[in-house]
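Letter by letter, the chains look like this.
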Amino acid sequence: MKTYIALLRGINVSGKNTIKMEVLNQLCSDLNLLNVQTYIQSGNIIFQSEELNAAVISHQLKQAILDSLELNIPVLTLDLDTFKSIVLSNPFTQEEELKQLYITFYNHSSLLVDVTAITAKKAPEELLHISNTACYLVANIGYGKTKITNTLIENKLKVTATTRNYRTCLKLIELAQG
């Protein structure tokens, strides 16, 4: 039995792609996912499964949401060890940096083909590190104002991506570890 964290992109934002957490919990239970917990309303799910392939779980969750709710929602599922490794590989360590840190997770490793197109969009006061598994952004101008968006990252790195703030990532790890 493995512990996983699934990240849904773009739900419950500005009244779009609304999914109640009770409904999400039920969909997960219907897929035989165990010990399901959701965290805040933005599509963070912690669960356990016998399935060893995270991509299979992502596909099943995405299809269940599409079939039940008619919403086409990208789902990224990572086992707990992989999620932790990505979060703890963050190169920014100062307290002020961590307060403004956002981690963009990819659905698969990126070949980092067009990093300069992303770094060119960075504001001078922002800090940015791009790896083949995640993008780490210290959004000192505010995340709502940055030009380093999911769409930019997806288009330039040819991945599906979703972003969480550092505090949320730490809380997901804490909840997953029980």
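Structural data are supplied above this passage.
In this text the structure is predicted, and so the values were computed from the model without any measurement. (Residues numbered from 1 in each chain as written. Predicted model: local features only at pLDDT ≥ 70, side-chain atom pairs only at ≥ 80, totals over all residues. Heavy atoms only, no water.)

*Asks:* Is there a simple way to explain the packing of helix α3 (residues 80-88) against helix α7 (residues 166-177) in this structure?
*Replies:* Any two packed helices are characterised by how steeply their axes cross, that is the angle between the axes, and by the distance between the axes. At their nearest, the axes of α3 and α7 sit 11 Å apart, and the two run at 150 degrees to each other. With respect to the hand of their crossing, α3 and α7 are arranged in left-handed fashion. Here α3 contributes Leu 80, Phe 83, Lys 84 and Val 87 to the contact with α7, which in turn contributes Tyr 166, Cys 169, Leu 170, Leu 172, Ile 173, Ala 176 and Gln 177. Grouping the constituent residues of the contact of α3 with α7 by class yields nine nonpolar, one polar and one charged. (Axes fitted to C-alpha atoms, helices over the stretch in contact; angles between N-to-C directions. Helix = DSSP H or I, 4+ residues; strand = E, 2+ residues; numbered from the N terminus. Left-handed = near helix turned anticlockwise from the far one by under 90°. Contact = heavy atoms within 4.5 Å. Nonpolar A, V, L, I, M, F, W, Y, C, P; charged D, E, K, R; others polar.)

*Asks:* Explain the layout of surface pockets to me, please; I cannot follow it from the model alone.
*Replies:* A probe as big as a water molecule, rolled over the atoms, marks out the empty space that is left. Space inside the largest pocket adds up to approximately 380 Å³. What lines the largest pocket is a set of 18 residues, and nearest its centre among them are Val 13, Tyr 143, Asn 150, Thr 163 and Arg 164. At four residues, the largest contribution of residues to the lining of the largest pocket is made by strand β8 (residues 161-165). For the lining of the largest pocket, a count of residues per class yields seven nonpolar, nine polar and two charged. Here the second largest pocket is characterised by a volume of approximately 330 Å³. Mapped by element, the contributors of at least two residues to the lining of the second largest pocket are α2 (54-69), β4 (75-79) and α3. Of the residues contributing to the lining of the second largest pocket, the split by class is eight nonpolar, ten polar and two charged. (1 Å grid on protein atoms, 1.4 Å probe; cavity = no way out; pocket = protein on both sides within 12 Å on 5 of 7 lines; lining within 4 Å. Points joined across faces, edges and corners; volume = space filled by probe spheres on them.)

*Asks:* Looking at this structure, I do not really get α3. What am I missing?
*Replies:* Residue pairs three or four apart in sequence face the same way in an α-helix, which turns once every 3.6 residues. Buried within α3 we find Leu 80, Phe 83, Ile 86 and Val 87. Down the axis of α3, the smallest arc covering the buried residues is 130 degrees, so these residues share one side. Opposite the packed face of α3, turned more than 90 degrees from it, sit the exposed residues Asp 81 and Leu 88. If you check the start of α3, you find a side-chain oxygen 3.1 Å away from the backbone N of Asp 81, and it comes from Asp 79. (Buried < 20%, exposed > 50% of the residue type's maximum accessible area, 1.4 Å probe, protein only. Arc of directions from axis to C-beta. Polar contact = N/O pair within 3.5 Å; in protein donor to acceptor, adjacent residues only side chain to side chain.)

*Asks:* Please clarify how the sheet that holds β4 should be interpreted in this entry.
*Replies:* Consider a sheet: its strands pair through backbone hydrogen bonds, and that pairing is either parallel or antiparallel. The strand order across the open sheet formed by four strands is β2-β3-β1-β4, and the pairing between neighbours is antiparallel. At either margin of the open sheet sits one strand with a lone partner, and together these are β2 (34-39) and β4. Strand-to-strand twist of the sheet, defined as the mean angle between neighbouring strand axes without regard to direction, takes the value 20 degrees. Where β2 lies against strand β3 (residues 44-49), four bridges are found, and the strand directions are antiparallel. (Pairing = 2+ DSSP bridges.)

*Asks:* Help me understand the pairing of strand β5 (residues 101-106), please; the structure alone is not making it clear to me.
*Replies:* Sheet faces and side chains relate simply in a regular strand, where the side chains alternate between the two faces. Of all six residues in β5, six are buried, a share of seventy percent or more. A two-sided burial pattern is seen for β5, the buried positions comprising Leu 101, Ile 103 and Phe 105 on one face and Tyr 102, Thr 104 and Tyr 106 on the other. As paired strands, β5 and strand β7 (residues 134-138) are joined by five bridges and run antiparallel to one another. The residue bridging Thr 104 from the neighbouring strand is Cys 135, located in β7. Summarising the sheet, β5 and β8 pair through five bridges and their orientation is antiparallel.

*Asks:* How do you make sense of the packing of aromatic side chains when you look at a structure like this?
*Replies:* Geometrically, a pair of aromatic rings is defined through the distance of the ring centres and the angle of the planes. As enumerated under the stated definition, the model contains three aromatic pairs in all. Residues Tyr 4 and Phe 47 carry aromatic rings whose centres are separated by 5.7 Å and whose planes lie at 25 degrees to one another, so their mutual orientation is stacked. Of this pair, Tyr 4 sits in strand β1 (residues 2-8) while Phe 47 sits in strand β3, placing them 43 residues apart in sequence. Residues Phe 83 and Phe 105 carry aromatic rings whose centres are separated by 5.0 Å and whose planes lie at 10 degrees to one another, so their mutual orientation is stacked. Highlighted residues: Phe 83 in helix α3 and Phe 105 in strand β5, separated in sequence by 22 residues. Residue Phe 83 is classed as buried on the basis of its relative accessible area, which comes to 0%. Since its relative accessible area comes to 0%, Phe 105 is described here as buried. (Phe/Tyr/Trp six-rings, centres within 6.5 Å; stacked < 30°, edge-to-face > 60°.)

*Asks:* Hey, could you run me through the environment of Thr 38 in this one?
*Replies:* Relative to the assigned elements, Thr 38 resides in strand β2. Judged by its relative accessible area of 25%, Thr 38 falls in the partly exposed class. Note: C-alpha distance between Thr 38 and Leu 137 (99 residues apart in sequence) is 25 Å. Beyond its immediate sequence surroundings of up to four residues, Thr 38 is in contact with Met 21, Leu 24, Asn 25, Asn 44 and Ile 45.

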